[in-house]
Amino acid sequence: MSEILIIVLLAILLDHLIPDRHGFKPFVWYRDWAESIEERFNGGKRTHGIGAVVLATLPIVAGVFLIHYILGELGWILRIAFDVVVLYLCVDIHRLGKTAGAISSALESGDLGEADEKLRELTGKDIPDKSDISIARAAVEGVLKQGNSLIVSPIFWFILLGPVGAVLQRLSCILDSLWGHRYERFAEFGWAAARFDDLMGWIPARITALSYALMGSFEDALHCWRKRVGVWSDINSGPLLASGFGAMHMQICEAAEEGEYEERVSDLTVVPDAGHVQRAVALVWRVLLLWLAVGILMTGAHLVGFITA
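Keep in mind that what you see is a predicted model, and the values were worked out from it rather than measured. (Residues numbered from 1 in each chain as written. Predicted model: local features only at pLDDT ≥ 70, side-chain atom pairs only at ≥ 80, totals over all residues. Heavy atoms only, no water.)

Right, let's talk about the overall build of the chain for a bit. Per the secondary structure count, the chain includes 13 helices and zero strands. Ordered by position in the sequence, the α and β elements of the chain form the string α-α-α-α-α-α-α-α-α-α-α-α-α. Taking the intrachain contacts of the chain between residues at least 6 apart in sequence as the baseline, contacts between residues at least 24 apart amount to 71%. (Helix = DSSP H or I, 4+ residues; strand = E, 2+ residues; numbered from the N terminus. Contact = heavy atoms within 4.5 Å.)

Below you can see the structure in the form of C-alpha cells.
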C-alpha cells in the first residue's frame, strides 16, 4: 500500500512540475496508429471492431507488462521508476485545470471565440450553440467527466492492475473517442470500443460520482443521481454529471424534465457561468485530495500496526 501511494504521489508531482511532458506525447502517436488500424479493419461489422480493439490494445499492454516485469527483475527501484512514469503519462491533472481556467477567464472577459477554442481543446468536440451559457455548461460537463477519465479512473486501475491497468484505461478512452461515435461509419465497427470503455469506466465513474457527492452537497447530489441520471444516455456520464451538478447546487434535477436538458437550458435553477467552471475544477481537486488523504491514513495505520506488532 505504501509503495502504491508513493508512486501515485510522485506521478502527481511530476504532472505538476512537468505538465507538458517535454513534448513527449505517446497518446498522440497512439491516436494516429489507431486511426490507421481503423482504415484497414473497418468493414462495417462488429467482428471487425472487436479485432481492431484487440490489435490496438494487446501489443501496447503486452509491452508495458514485459518492461515492468524485466525492470522488476533487474531492481525494484527501476520498476517503481517505470510505474511512476507510466502513471504520470496517464493522468493529466494540470492540463485539465489550466484549460478549464482559460475557459473561465475567456467567459469572464466576454471572449466567446477564445472560450470556444479552449472548450474544443478540453473536450475534443464542437458545440453548435456558441453562447456563454452553452460553453459554460459544456465546460462544466467536460471537467466533471474528465475528472474521472483523467484522474480517478487511471489511478483506480493502477491500484488494481499496476501500470498495465492505467494504460489499458487510457487506451479504452482514446478508442471510444475515435470509434465509439454513433454515426453510420462507426455504428457497428465502434460497438466494441464503446463497450470496452463502458466496462473500464463503470466502477471508477460511480466511485467518482459518490466522491462528488461527498465533497459537495451530498443530499442534492444523491437526489439528482437517483432522479435525473437518465437525462444522459451514457451509462458512465450519467452518474458523473447528475451527481456533479447536484453537488455544485446547480440543481438541474429540479429544473429539467427527463430528456430535455439540452433543449431547456433556460430552465436551469442556476444558469452555468464562468464561476461554475472554476467550481467544477475545485470539486475535482477536492475529490483527489480526499482519496490521497484516505490513502495516507490507511498507509499510516498499516505502518503503525506493523511497528507495534
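Okay, the packing of helix 7 (residues 132–161) against helix 11 (residues 237–247) next. For the pair helix 7 and helix 11, interaxial distance at closest approach is 9 Å and the crossing angle is 115 degrees. Considering only the axes of helix 7 and helix 11, their crossing is right-handed. Only Ser237, Leu240, Leu241, Gly244 and Phe245 of helix 11 make contact with helix 7, whose side of the interface consists of Arg137, Val140, Glu141, Leu144, Lys145 and Asn148. Its residues assigned to classes, the contact of helix 7 with helix 11 comprises five nonpolar, three polar and three charged. (Axes fitted to C-alpha atoms, helices over the stretch in contact; angles between N-to-C directions. Left-handed = near helix turned anticlockwise from the far one by under 90°. Nonpolar A, V, L, I, M, F, W, Y, C, P; charged D, E, K, R; others polar.)

A separate point is helix 3 (residues 46–74). Here helix 3 is 29 residues long and its end C-alpha atoms lie 42 Å apart, about the 42 Å a rise of 1.5 Å per residue gives. Thr57 marks where helix 3 bends most, by close to 25 degrees; the proline Pro59 follows one to four residues later. Burial in helix 3 covers these residues: Gly49, Ala52, Val53, Ala56, Thr57, Val61, Val64 and His68. Tucked into the core, helix 3 has its buried residues touching helix 2 (26–41), helix 4 (76–90), helix 8 (163–179) and helix 9 (191–215). (Expected span 1.5 Å × (residues − 1). Bend = angle between axes of the 7 residues up to and from the residue. Buried < 20%, exposed > 50% of the residue type's maximum accessible area, 1.4 Å probe, protein only.)

Before going further, it helps to spend a moment on the nonpolar core. Leu87 and Trp179 are the most contacted members of the largest nonpolar core, which has 80 residues in total. When residues of this core are assigned to their parent elements, the largest contribution, 14 residues, is made by helix 7. Apart from residues lying up to four places away in sequence, Leu87 is in contact with Ile7, Val8, Ala11, Pro154, Ile155, Phe158 and Ala166. (Core = buried A, V, L, I, M, F, W, Y, C linked by side-chain atoms within 4.5 Å.)

Counted by the stated rule, this structure contains four aromatic pairs. Cluster of aromatic residues (ring-pair linked, three or more members): Trp29, Tyr30 and Trp33. Positioned over the ring face of Phe27 is Arg170, at 4.6 Å from the centre of the ring. For the cation-ring pair, Arg206 lies above Trp202, with the distance from its terminal atom to the ring centre recorded as 4.1 Å. (Phe/Tyr/Trp six-rings, centres within 6.5 Å; stacked < 30°, edge-to-face > 60°. Lys NZ or Arg CZ within 6 Å of the ring centre and 35° of its normal.)

Moving on, we get to the pattern of salt bridges. Charged atoms that come close allow side chains of opposite charge to pair. Under the definition given, this model contains ten salt bridges. In this structure, the salt-bridge partner of Arg79 is Glu3, at a minimum N-O distance of 2.7 Å. Here Glu3 lies in helix 1 (residues 2–17) and Arg79 lies in helix 4, a separation of 76 residues in the sequence. Classification of Arg79 as buried rests on a relative accessible area of 19%. Note on Glu3: relative accessible area 32%, which makes it partly exposed. Between Asp15 and Arg21 there is a salt bridge, with its nearest N and O atoms 2.8 Å apart. Through salt bridges that share partners, Asp15, Arg21, Asp92 and Arg95 make up one connected network. (Salt bridge = Lys/Arg side-chain N within 4 Å of Asp/Glu carboxyl O.)

Attention now moves to helix 10 (residues 218–228). Buried within helix 10 are the following residues: Ala221, Cys224 and Arg228. All buried residues of helix 10 project into a common sector of 80 degrees when viewed along the axis, lining one side. For helix 10, the exposed residues set more than 90 degrees away from the buried face come down to Glu219 and Arg226. (Arc of directions from axis to C-beta.)

For the rest of this paragraph, the subject is the environment of Ile235. Residue placement: Ile235 occurs in the loop between helix 10 and helix 11. On the accessibility criterion, Ile235 (42% relative accessible area) is partly exposed. The spatial distance from the C-alpha of Ile235 to the C-alpha of Leu199 is 9.8 Å, given a sequence separation of 36 residues. Leaving out residues up to four positions away in the same chain, Ile235 has contacts with Asp198, Trp202 and Arg206.

This brings us to the state of the cysteines. Put plainly, a disulfide is one covalent bond tying together the sulfur atoms of two cysteines. Overall, the coordinates contain zero disulfides when judged by the stated rule. Just so you know, Cys90 is unpaired, no disulfide at all, and the nearest cysteine sulfur is the one on Cys173, 10.0 Å from it. What makes Cys173 partly exposed here is its relative accessible area of 22%. (Disulfide = S-S within 2.5 Å.)

Just distances and angles here, no functional claims.
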